[in-house]
Amino acid sequence: MGSSAAITQMVGAQGAWAAGITGKGIGIALIDTGVTKVPRLDQGQVVDGPDLSFDSQNPNLTHLDAYGHGTHMASLIVGRDAGATAGPVSGYTTCLDARTGYSDTTKFVGVAPDATLINVKVGAADGSADVSQVIAAIDWVVQHRNDIGLNIKVINLSYGTNSSQSFLTDPLA
């Protein structure tokens, strides 16, 4: 069972939802390749922060994800079907946990469906980013964490490097 419902059950999100913890009021800064507001990410849960990527000078790519990774991550974090609901359900056999409709196995729901995701783009259309862009993005998030409507409590960083530099001297570490 590889559905989003099974995954959110495995990571404990459904128990949090049943306790009323859905991410509501919390900002999650996604520092990645941008976010394209596709279905399930087009319900107002994504807010654009700065675009610090090499794509930022191209108006057709500003904030948008031409690589795919950032949109994928955003979907796992805050994505949700329009019909998904946080409220308890009754009479449905498709729910893994009837205390919340977010556990409906026929709906796609990310781990924190009611959180606000702040799109901080650093990765270009080919997925590349310079460490200085990532550091600048982290700095922006820290400076703006308490801005009205953001309330950033989480930073999501999910990428790797082929650097041979020791973590002891790596500027990002």
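Here the structure is shown first, and the text comes after it.
Below you will find a few notes about this structure. (Residues numbered from 1 in each chain as written. Predicted model: local features only at pLDDT ≥ 70, side-chain atom pairs only at ≥ 80, totals over all residues. Heavy atoms only, no water.)

1. As for the nonpolar core
Turning to step 1, where the next piece is worked out: If you look at the biggest cluster of nonpolar residues, it comprises twelve residues: Ile28, Leu30, Val35, Leu41, Val46, Met73, Ala74, Ile77, Val78, Ala112, Ala115 and Leu117.
Turning to step 2, where the next piece is worked out: Contributing elements (two or more residues each) for this core: β1 (27–32) and α3 (69–78).
Turning to step 3, where the next piece is worked out: Broken down by element, the residue count for this core peaks at four residues, all from α3.
Turning to step 4, where the next piece is worked out: Ranked by size, the runner-up nonpolar core spans ten residues in total, among them Ile31, Ile118, Ala137 and Ile152. (Core = buried A, V, L, I, M, F, W, Y, C linked by side-chain atoms within 4.5 Å. Buried < 20%, exposed > 50% of the residue type's maximum accessible area, 1.4 Å probe, protein only. Helix = DSSP H or I, 4+ residues; strand = E, 2+ residues; numbered from the N terminus.)

2. A closer look at the pattern of salt bridges
Side chains that differ in sign of charge can pair as their charged atoms come close.
Turning to step 1, where the next piece is worked out: Counted according to the given criterion, the structure contains three salt bridges.
Turning to step 2, where the next piece is worked out: Linking Asp48 and Lys37 is a salt bridge whose minimum nitrogen-to-oxygen distance equals 3.6 Å. Pair noted here: Asp48 is in strand β2 (residues 46–51) and Lys37 is in the loop between β1 and β2, with a separation of eleven residues, a long-range link.
Turning to step 3, where the next piece is worked out: Looking at Asp48, the relative accessible area reads 34%, which means it is partly exposed.
Turning to step 4, where the next piece is worked out: Note that Lys121 and Asp55 form a salt bridge whose closest N and O atoms lie 3.1 Å from each other. Of the two residues, Lys121 is situated in strand β3 (residues 116–121) and Asp55 in the loop between β2 and α3; the sequence distance between them amounts to 66 residues.
Turning to step 5, where the next piece is worked out: You can call Lys121 buried: its relative accessible area is 0%.
Turning to step 6, where the next piece is worked out: Residue classification places Asp55 among the buried positions, given a relative accessible area of 9%. (Salt bridge = Lys/Arg side-chain N within 4 Å of Asp/Glu carboxyl O.)

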